[in-house]
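Chain by chain, the residues:
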Amino acid sequence: MNNKEKIFQVSIDLFSEYGYDGVSVRQIAREVGIKESSIYNHYSSKQAILNRILEYYVEEMTSEEIPLDQASLNLDRGFDFFYKAGCDAFLSKLEEERMMKITRLLFIESYHNDEVRNFLKKSIIEAPVEGWIVLFDLMKAKNLIEKDCDTRQLSESFFYYGMFLLYEHFIINYPEDDEKFLRDFMIKTENHARTIFDSVKMEGYDENKA
């Protein structure tokens, strides 16, 4: 691991533990084992480090997304495929210690850091909800769910529960065992999603034949 990678990793560790404002460039340099001035050979500022962390998070979280055209072709393969294809990719990322730390950083910084709050709002909440709206509209077109259901409300209900569980884990129950949380997260979100899907699926829809 070169110095730039060390700075990146140490910054994630420190920011997630002490908060962005609670960490200085000098502290990062000390933990990496380099002079403070050497930080600027790789990042122009502490803010630049944070920006790179946010960029990295989105890159990783979207790297295994199913392309929309492929997802639309598989919507009629049943709820389990539809849900787990997305959830499994998400959880596989969260299982990485680095990604868990960044997720906690996002939640704790969103209270007082406008840039992180806007990032969380636009990239982590609004963008996925918009994606779910498109998929639920496609499910309407394929007669898999009721024509009169509100797909925005459906998408928000579908997605926000998982966000609440993350908030509960990283803020309310912190510190809590990450592995147990991830196991529980999978079960709880799948049950929740199943309940929502069952409330709007077309009458006579037979998942076993889908």
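Residues numbered from 1 in each chain as written. Predicted model: local features only at pLDDT ≥ 70, side-chain atom pairs only at ≥ 80, totals over all residues. Heavy atoms only, no water.

Draft legend 1. Molecular detail of the overall build of the protein chain. Per the secondary structure count, the protein chain includes ten helices and zero strands. If you list the helices and strands of the protein chain from N to C, you get α-α-α-α-α-α-α-α-α-α. Taking all 210 residues of the protein chain together, 43% fall into the buried category. Long-range pairs, those at least 24 residues apart, make up 71% of the contacts in the protein chain between residues at least 6 apart in sequence. Split by element, the accessible area of the protein chain, about 11500 Å² in all, is 49% carbon and sulfur. (Helix = DSSP H or I, 4+ residues; strand = E, 2+ residues; numbered from the N terminus. Buried < 20%, exposed > 50% of the residue type's maximum accessible area, 1.4 Å probe, protein only. Contact = heavy atoms within 4.5 Å. Areas by Shrake-Rupley, 256 points an atom, 1.4 Å probe, with all protein chains shown as cover.)

Draft legend 2. Representation of the confidence of the model for the protein chain. Per-residue confidence for the protein chain averages 87 on the pLDDT scale, and 87% of its residues sit at or above 70. Helix α5 (residues 68-73) is the least confidently modelled element of the protein chain, averaging 59 in pLDDT, while helix α2 (residues 25-32) averages 97, the highest of any element. (pLDDT = per-residue confidence, 0-100.)

Draft legend 3. Just helix α1 (residues 3-18), in detail. Between its first and last C-alpha atoms α1 spans 22 Å; for 16 residues at 1.5 Å apiece the expected length is 22 Å, and the two agree. Along α1, the residues classified as buried are Ile 7, Phe 8, Gln 9, Val 10, Ser 11, Ile 12, Leu 14, Phe 15 and Ser 16. Lining the buried residues of α1 we find α2, α3 (36-39), α4 (46-62) and α7 (97-109). Among the residues of α1, the N-terminal cap falls to Asn 2, whose side-chain oxygen and the backbone nitrogen of Lys 4 are separated by 3.2 Å. (Expected span 1.5 Å × (residues − 1). Polar contact = N/O pair within 3.5 Å; in protein donor to acceptor, adjacent residues only side chain to side chain.)

Draft legend 4. How the structure looks around the packing of α1 against α7. Here α1 crosses α7 at 45°, and the two axes come no closer than 8 Å. It follows from the interaxial angle that α1 and α7 lie oblique. The handedness of the crossing between α1 and α7 comes out as left-handed. Contact residues: α1 offers Phe 8, Gln 9, Ile 12, Asp 13, Phe 15, Ser 16 and Glu 17, while α7 offers Arg 98, Lys 101, Ile 102, Arg 104, Leu 105 and Ile 108. Taken together, the residues of the contact of α1 with α7 sort by class into six nonpolar, two polar and five charged. (Axes fitted to C-alpha atoms, helices over the stretch in contact; angles between N-to-C directions. Parallel < 35°, antiparallel > 145°, perpendicular 65-115°, else oblique. Left-handed = near helix turned anticlockwise from the far one by under 90°. Nonpolar A, V, L, I, M, F, W, Y, C, P; charged D, E, K, R; others polar.)

Draft legend 5. Structural context of the nonpolar core. In this structure, Ile 28, Tyr 57 and Leu 106 are the most contacted members of the largest nonpolar core, which totals 61 residues. Put simply, the parts of the chain that give this core at least two residues each are α1, α2, α4, α6 (79-94), α7, α8 (114-141), α9 (151-172) and α10 (178-200). It is α8 that provides the largest number of residues to this core, a total of ten residues. Residue contacts for Tyr 57: discarding those within four places in its chain leaves Leu 94, Met 99, Ile 102, Thr 103, Leu 106, Phe 119 and Ile 124. (Core = buried A, V, L, I, M, F, W, Y, C linked by side-chain atoms within 4.5 Å.)

Draft legend 6. Structural context of α9. Taking 1.5 Å of rise per residue, 22 residues should cover 32 Å, and α9 covers 30 Å from first to last C-alpha, within 8% of that figure. Of the residues making up α9, those classed as buried are Thr 151, Leu 154, Ser 155, Phe 158, Phe 159, Gly 162, Met 163, Leu 165, Leu 166, His 169 and Phe 170. The opening residue of α9, the one whose side-chain oxygen lies 3.0 Å from the backbone nitrogen of Arg 152, is Asp 150.

Draft legend 7. Region of the structure containing a negative patch on the surface. Together, Glu 95, Glu 176, Asp 177, Asp 178 and Glu 179 give the surface a local cluster of negative charge. You can see Glu 95 is positioned in the loop between α6 and α7. For Glu 95, a relative accessible area of 58% corresponds to the exposed category. (Patch = residues over 30% accessible without salt bridge, like charges linked within 9 Å, V, L, I, M, F, W, Y side chains within 5 Å. Salt bridge = Lys/Arg side-chain N within 4 Å of Asp/Glu carboxyl O. Lys, Arg positive; Asp, Glu negative; His and termini not counted. Charge placed at Lys NZ, Arg CZ, Asp CG, Glu CD.)

Draft legend 8. Expanded view of the packing of aromatic side chains. Overall, the coordinates contain eleven aromatic pairs when judged by the stated rule. A connected cluster of aromatic rings, assembled from ring pairs, spans Phe 90, Phe 107, Tyr 167, Phe 170, Phe 181 and Phe 185. Across from the ring centre of Tyr 20, 4.2 Å away, lies the NZ or CZ of Lys 46, which sits over that ring. One cation-aromatic arrangement involves Arg 104 over Tyr 174; the distance from NZ or CZ to the ring centre is 3.6 Å. (Phe/Tyr/Trp six-rings, centres within 6.5 Å; stacked < 30°, edge-to-face > 60°. Lys NZ or Arg CZ within 6 Å of the ring centre and 35° of its normal.)

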